Amino acid sequence: MTNELIKSWVESANAPNCAFPLNNLPYGVFNDGSGARCGVAIGDFILDLAQVPLKSANHDLFAQPSWNAFMDAGADIWAAFRDEITSVLHEDSPPAPAWLVAQSSAEMLLPFAVTEFTDFFAGRHHATNVGTMFRGPDHALPPNWLHIPIGYNGRASSVVVSGCSVRRPHGQLKGPQDELPRFAPSMRFDFELEIGAIVGKNSAARLSVDEADDALFGYVLLNDWSARDIQAWEYQPLGPFQAKATATTISPWIVTKAALEPFRTSTPERDFELLDHLKDTGPMLYDIDLAVDLITQSGAETRITETNYAEMYYSAAQQLAHHSACGCPMRVGDLLGSGTVSGAEKHQRGSMLELSWGGKDPLLLSDGQTRSFLEDGDSVRLSGRAQAAGYCIGFGECLGTITPA
Ligand code: CA
């Protein structure tokens, strides 16, 4: 693996800080007015696969508005296709501008059909912060937390692509002083900064951590919208239900595991040795800088969070291994949310709940407003990039705007 930029005949892909250099090649689904189809981001453009003569993969795999069929074709095809596209777009190959569509002229759609969505709770700082607020510092982490990546089965049906608006949910609310619950719009609507891992291989039996890593196809940014007041009333004993079912927003480009190889890093030191079926067998997290901007209705932007994916206690491979531990079959297109990525410092917290400490310490925004939770008209934008010496790997943006209940 090289830390150097691989140059392309697409000039914008060679610019410093370009999110989509030839080293990246993320996969998306776009529509430029002539139908939704698969494409690969390169610089300011999308390589329209319908136009490219391909040897490594059948065009039928791309003649549909999702990457699921390609994922199902297997890791040998994944590698051969990436090699071929790298060669096709390389600066030594003949330029073919007719194969390119400007990203500015295309609408991005969900890049894959989400089979099922599972959300984990694998960030130690987030789990500690939330546990401290709800149970006090002595019982912040649940007793199972340091032994398994705990999670719950979420809803695939409400996963949406960046740019979709999100309606403030209604739900049952009951404050600590209320005798009975009422049905009303959530007053504590929140975002969660996460990375989503995409399963690219069907399985029928328990996966080892190595097998799980091999089965992962790629990663997206993921905002797991959360209604804290609905959650507080409903979550015991079976966990979040309606509080997390309104919407989950993902970024439109699948950044492949292959593109992230140079950025592998290890999980943190363990308090307890993990049981064998969850033990790390190598570096399976990634060094990815993450940020969140809050944009008010008037357009004022405030950077509210900066953290790194390497803060997670469990990797996606460990989460997938755990998910299959009972024999649960996993399928192509399954989406695994990492859990909120928070760092140790206040400005590294990945949710409003933590940033405002449950509303006790509201955030000051750039236009002088304050926020404890999200208001109607607020937009939340997640961004991510992995930085090498000569290039960076960007994820595109993951944006959602709150509309009134
Ligand atoms: Ca979550």
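The rules behind these values
Residues numbered from 1 in each chain as written. Predicted model: local features only at pLDDT ≥ 70, side-chain atom pairs only at ≥ 80, totals over all residues. Heavy atoms only, no water. Helix = DSSP H or I, 4+ residues; strand = E, 2+ residues; numbered from the N terminus. Rg over C-alpha atoms; globule rule 2.2 N^0.38 Å. Buried < 20%, exposed > 50% of the residue type's maximum accessible area, 1.4 Å probe, protein only. Contact = heavy atoms within 4.5 Å. Areas by Shrake-Rupley, 256 points an atom, 1.4 Å probe, with all protein chains shown as cover. Lys, Arg positive; Asp, Glu negative; His and termini not counted. Charge placed at Lys NZ, Arg CZ, Asp CG, Glu CD. Salt bridge = Lys/Arg side-chain N within 4 Å of Asp/Glu carboxyl O. Domains from an automatic or database assignment. Buried area = accessible area lost by both parts, 1.4 Å probe.

Let us look at the overall build of the protein. Helices and strands together make up the secondary structure of the protein, namely eight helices and 27 strands. Relative to its length of 405 residues, the protein is compact, with a C-alpha radius of gyration of 21 Å against a globular reference of 22 Å. With the C-alpha coordinates of the protein rotated into their principal frame, the extents come out at 70 × 50 × 35 Å. Put simply, the protein has 405 residues, and 54% of those count as buried. In the protein, the share of contacts with a sequence separation of at least 24, taken over all contacts with a separation of at least 6, comes to 73%. For the protein, the exposed area adds up to about 16,900 Å²; of that, 51% sits on carbon and sulfur atoms. Each charge class in the protein can be summarised by its mean position, and for the 28 positive and 49 negative side chains these summaries are 5 Å apart.

As a further point, take the pattern of salt bridges. Inspection of the entire model under this criterion finds 22 salt bridges. Arg331 serves as the salt-bridge partner of Glu116, at 2.7 Å between the closest nitrogen and oxygen. Of this pair, Glu116 sits in the loop between β5 (107-109) and β6 (117-120) while Arg331 sits in the loop between α7 (316-323) and β22 (335-337), placing them 215 residues apart in sequence. Judged by its relative accessible area of 39%, Glu116 falls in the partly exposed class. Linked by salt bridges that have partners in common, Asp190, Glu192, Asp224, Arg228 and Lys244 make up one network.

A separate point is the domain arrangement of the protein. Assigned domains of the protein: these are domain 1 (11-109) and domain 2 (117-403). Here the C-alpha centre of domain 2 lies 28 Å away from the C-alpha centre of domain 1. Across the contact, 23 residues belong to domain 1 and 26 residues belong to domain 2. Of the roughly 1,900 Å² buried between domain 1 and domain 2, counting both surfaces, carbon and sulfur atoms make up 66%.

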